[in-house]
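# Inside the fold
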Amino acid sequence: MSRLVAITGATGFLGRYIVRALAAGGWRVRILARQAIDHPQLAGLPLDVVLGDLSNKEALRTLVDGADVLVHAAGLIKSLSVAAFEAVNIRGTANLARAIEERHVAARVLLVSSMAAREPELSTYARTKRAAEQLLMAVLSRRCDLTIVRPCAIYGPWDRETLTIFRAVDYHIFLRPRIAHGRVAVIHAE
C-alpha cells in the first residue's frame, strides 16, 4: 500500500500543485477542504477529502490520522484584518499541531512558510508566518521530523496574486526594489 500524505491548503494556488505532484508520485493523498472540490487542476485525482478548515479540530484529527507525511501549505496571504491573519496562520497552525499530538502522529511535517517570515516586522503576514514557524518548532520538534521552507513569490498558471506583476511587465512597467542592490525573487509553482 502506498504511503499517505495529508495536506492543508490543498485547494489553494500552491496547494493544487503540491497535490498533483504527490498524486503523480504514487502517494495516497488526503486533503483538508472547506467545500467540495471543483477545480480543473484537481479533477480526476483520487483524493480523500476531509471537509473542514483549520478551525475544525475534528476535521484536523481526521486529516492527520495515520499520515506518513503532513504538508501544511494553508495560510492567509492577504487580508485587511489582523485577526484574520492570526486566526488562520497562528491559531490554525496551533490547531493542526494539537491534532498531530492528540493522534500521536510521528509523521514528517513540511511547513510552507514564506520568505517574509525572515523579517516579521514587515507586515502582519510576515509576523504571523514567523509565529507559525516558532509554534511548530516548539510543539513538534521532538515528535516529528519538521522541515520549514520559505519560498519567495510563487507564480504559474491559475495564479491570481502575481498576475498583475506579469501584466505590468507586458506594458514595460518593472518592479524596482527600494534597496539599491535589492532583487526580486520569484519561483514557478511547478
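Description of the structure in this document. It should be emphasised that the depicted structure is a prediction, and the values quoted were computed from it without experimental measurement. (Residues numbered from 1 in each chain as written. Predicted model: local features only at pLDDT ≥ 70, side-chain atom pairs only at ≥ 80, totals over all residues. Heavy atoms only, no water.)

## Let's talk about the packing of helix H3 (residues 82–102) against helix H4 (residues 124–140)
Note the following rule: Helix axes are fitted only over the stretch in contact, all axes being lines through C-alpha atoms; the angle between N-to-C directions runs from 0 to 180 degrees. Secondary structure follows DSSP: runs of H or I at least 4 residues long count as helices, runs of E at least 2 residues long count as strands, and numbering of each begins at the N terminus. When an angle is under 35 degrees it counts as roughly parallel; over 145 it counts as roughly antiparallel; between 65 and 115 it counts as roughly perpendicular; any other value is oblique. Crossing handedness is read from the near helix: turned anticlockwise from the far helix by less than a right angle, it gives a left-handed crossing, and turned clockwise, a right-handed one. We call two residues in contact whenever any of their non-hydrogen atoms come within 4.5 Å of each other. Three categories are distinguished: nonpolar for Ala, Val, Leu, Ile, Met, Phe, Trp, Tyr, Cys and Pro, charged for Asp, Glu, Lys and Arg, and polar for the others, with Gly belonging to the last.
Direction vectors running N to C along H3 and H4 enclose 15 degrees, while the axes themselves pass 9 Å from each other. Taken as axis vectors, H3 and H4 run roughly parallel relative to one another. Judged by the twist between their axes, the crossing of H3 over H4 is right-handed. Mapping the contact onto sequence places Val 82, Phe 85, Glu 86, Asn 89, Ile 90, Thr 93, Ala 94, Ala 97, Ile 100 and Glu 101 in H3 and Thr 124, Tyr 125, Arg 127, Thr 128, Lys 129, Ala 131, Ala 132, Leu 135, Leu 136, Val 139 and Leu 140 in H4. Among the residues making up the contact of H3 with H4, the classes are represented as 13 nonpolar, 4 polar and 4 charged.

## Focus on empty space enclosed by the protein
Over the atoms rolls a probe the size of a water molecule, and its path tells where empty space is left. In plain terms, the rule: With a 1 Å grid laid over protein atoms only, a set of points is called a cavity when a 1.4 Å probe fits there but cannot get out and a pocket when it is open yet has protein on both sides within 12 Å along at least five of seven lines; lining residues have an atom within 4 Å of a point. Grid points are joined across faces, edges and corners, and a volume is the space filled by probe spheres set on the points.
The final tally for this structure, using the stated rule, is 1 cavity of 30 Å³ or more. Of the volumes computed, that of the largest cavity is approximately 30 Å³. Lining the largest cavity we find Lys 57, Arg 61, Asn 95, Arg 98, Ala 99 and Glu 102. Only helix H2 (57–64) and H3 provide two or more residues apiece to the lining of the largest cavity.

## Considerations on the sheet that holds strand E3 (residues 47–51)
Note the cut-off: Pairing between two strands requires that DSSP report at least two bridges joining them.
On the basis of which strands lie adjacent, the open sheet formed by 6 strands has the order E3-E2-E1-E4-E5-E6 and parallel pairing. Edge positions in the sheet fall to E3 and strand E6 (145–149), since each of these pairs with one other strand and no more. Pairwise comparison of adjacent strand axes, ignoring direction, gives a mean angle of 20 degrees for this sheet. Sheet topology places strand E1 (residues 4–8) next to strand E2 (residues 28–33); 4 bridges connect them, and they run parallel. Looking at E2, one finds that Leu 4 is bridged to Arg 28. Strand contacts of H2: E1, E2, E3 and strand E4 (69–72), with the helix running at about 170 degrees to E2, the strand carrying the most contacts.

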